[in-house]
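Listed below are the residues making up each chain.
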Amino acid sequence: MIKQTIAFLGAGSMAEAMISGMVESGNISADQIIVTNRSNQDRLNEINDKYGVRTVLKDDLDFSQVDQLILAMKPKDIDAVLEDLRYKLNPNQVLVSVLAGISTSYMEDRLNDGQEVIRVMPNTSSTLRESATAMCPGHYTDMENVLVSKALLQSIGEVFIIPEDKMDVFTGIAGSGPAYFYYLMEHIEETGRAEGMDSKTLREIGAQTLLGAAKMMLEGEESPAELRKKVTSPNGTTAAGLDALEESGGGDAISAAIKGAAGRSKELSKEIEGLLVGSK
Ligand SMILES: NC(=O)C1=CN([C@@H]2O[C@H](COP(=O)(O)OP(=O)(O)OC[C@H]3O[C@@H](n4cnc5c(N)ncnc54)[C@H](OP(=O)(O)O)[C@@H]3O)[C@@H](O)[C@H]2O)C=CC1
Ligand SMILES: O=C(O)[C@@H]1CCC=N1
């Protein structure tokens, strides 16, 4: 059981996914979670009703109660937030950021000397405790605090400690990744509907097929290529399907999606640092 008190700055979709998974896990009690935003009291009431966590506008947050502060607002808001936190956080309160593209050193440079910082990248499957989450500690972060933070993140799925220079590609694969699978399902459903099948049945068929393939990769020893070969009978239906996928650029499209998202993660940090002409 995690004994620390966690506060979120941000009450949007990513914060809600994490809160849902954390509360559901039973590893932390709801009253040890405080959720804040700048002004949307209705949203805070909604989160409080759904999960039983404490909610308060961010200007009313009592920082002395907080052990880990999770940044869950948009990357564009980072500078204003760090400026504010510089005077409110002590170096041993751990700042955990889920913001795409914001490096640990960017945060450390704008906070008090020695501030403990951890950069993480979860995904929205945190809702069901099935996130693939990356984490990388900053320069000053105590290993004990990394382990507490890791335990918290394990309550919402699997955790991978990775070097920071791999965070952009991780974001492209796993942070943004659920969207690619939803997009795939949208096309599966659309194609099935065109053949006269109903959406509800198609969703179950498509999702079960994805789940089965995911479990085969997670629980077995075979590589994806070996598993693919076992589905593919010579001159059979799968071979025809894979040929069509290849001819339509399916493999390249997947690589392009990951590279596009990873590139945007890199670009976000440059925009924030004001290095790109025309940045917002
Ligand atoms: N969505 C996803 O799948 C993933 C998102 N992320 C990261 O999570 C972050 C949030 O994304 P998402 O949840 O989609 O965004 P949303 O726009 O849904 O939510 C942003 C939230 O931040 C609040 N907010 C803004 N500024 C502040 C502030 N200074 N203090 C406290 N709260 C503030 C907003 O409320 P108000 O305006 O009332 O203040 C709102 O509740 C992003 O940085 C993104 O990169 C990471 C992994 C996956
Ligand atoms: O789209 C985004 O920028 C965020 C980060 C990863 C997933 N969603």
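Counting restarts for each chain: residues are numbered from 1 in the order of the written sequence. Chain letters and ligand numbers both follow the written order, the letters beginning at A and the numbers at 1. Predicted model: local features are reported for residues with pLDDT of at least 70 only, side-chain atom pairs are reported and counted for 80 or more only, and whole-chain, interface and lining totals are derived from all residues. To obtain the side-chain values, all non-hydrogen atoms of the structure were used and water was disregarded.

- The protein is annotated in an unreviewed UniProt entry as Pyrroline-5-carboxylate reductase of Halobacillus halophilus.
- UniProt positions are given in the numbering used here, feature names are shortened, and annotations may be inferred rather than shown by experiment. On record in UniProt, under Subcellular location (unreviewed entry), the comment for the protein is "Cytoplasm".

## With respect to the site of ligand 1
Then step 1. Residues are classed as near a molecule or strand on a simple rule: at least one heavy atom within 4 Å of it. Contacts to ligand 1 come from 24 residues, most closely from A11, M14, R38, M73 and A100.
Then step 2. Those elements that provide at least two residues to the shell around ligand 1 are helix 1 (13–25) and strand 2 (33–37).
Then step 3. Looking at the shell around ligand 1 residue by residue, the class counts come to 12 nonpolar, 8 polar and 4 charged. Where helices and strands are cited, they refer to DSSP runs of H or I of at least four residues and of E of at least two residues respectively, numbered from the N terminus. Think of it as three bins: nonpolar holds Ala, Val, Leu, Ile, Met, Phe, Trp, Tyr, Cys and Pro, charged holds Asp, Glu, Lys and Arg, and polar takes everything else, Gly as well.

## Considerations on the nonpolar core
Then step 1. F8, M18, I19, M22, V35 and I70 are the most contacted members of the largest nonpolar core, which totals 31 residues.
Then step 2. Sorting the residues of this core by element identifies strand 1 (6–9), helix 1, strand 2, helix 2 (41–51), strand 5 (94–97), strand 6 (117–121) and helix 5 (143–154) as the ones contributing at least two each.
Then step 3. Sorting elements by how many residues they give to this core places helix 1 first, with 6 residues.
Then step 4. Residues in contact with M18, not counting those within four places in the same chain, are F8, I70, V98, P122, S126, L153 and I156. Throughout this description, the term nonpolar core refers to a set of buried Ala, Val, Leu, Ile, Met, Phe, Trp, Tyr and Cys residues connected via side-chain atoms within 4.5 Å. Here the term buried applies to any residue with accessible area under 20% of the maximum for its type, exposed to any over 50%, and partly exposed to those in between, with areas from a 1.4 Å probe on protein chains only. Any two residues whose heavy atoms approach within 4.5 Å at even a single point are treated as in contact.

## Quick notes on the domain arrangement of the protein
Then step 1. As assigned here, the protein comprises domain 1 (6–162) and domain 2 (170–263).
Then step 2. Taking the mean C-alpha position of each, domain 1 and domain 2 sit 32 Å from one another.
Then step 3. Taken together, the contacts link 10 residues of domain 1 with 6 residues of domain 2.
Then step 4. Accessible surface is computed with a 1.4 Å probe, and the buried area is the amount of it that two parts give up when combined, taken over both parts together. Where domain 1 abuts domain 2, roughly 540 Å² becomes buried across the two surfaces, and 70% of that area is made up of carbon and sulfur atoms.
Then step 5. Any Lys or Arg side-chain nitrogen located within 4 Å of an Asp or Glu carboxyl oxygen qualifies as a salt bridge. Our count for the contact surface shared by domain 1 and domain 2 stands at 0 salt bridges.
Then step 6. Here a polar contact means two N or O atoms within 3.5 Å. Within protein one must be a hydrogen donor candidate and the other an acceptor candidate, and residues neighboring in sequence count only if both atoms are side-chain atoms. At the surface where domain 1 touches domain 2, the tally comes to 1 residue pair in polar contact (both at pLDDT 80 or more).
Then step 7. Of all the elements, strand 7 (residues 131–137) adds the most residues to the side of domain 1 that touches domain 2, at 3 residues.
Then step 8. By residue class, the composition of the side of domain 1 that touches domain 2 is 6 nonpolar, 4 polar and no charged. An automatic or database domain assignment supplies the residue ranges for each domain.

## Focus: the environment of N92
Then step 1. Structurally, N92 can be placed in the loop between helix 3 (78–85) and strand 5.
Then step 2. When its relative accessible area of 54% is taken as the criterion, N92 is described as exposed.
Then step 3. Through-space distance from the C-alpha of N92 to that of A225 is 46 Å; in sequence the pair is 133 residues apart.
Then step 4. N92 has contacts with E116 and N145, leaving out every residue within four places of it along the chain.

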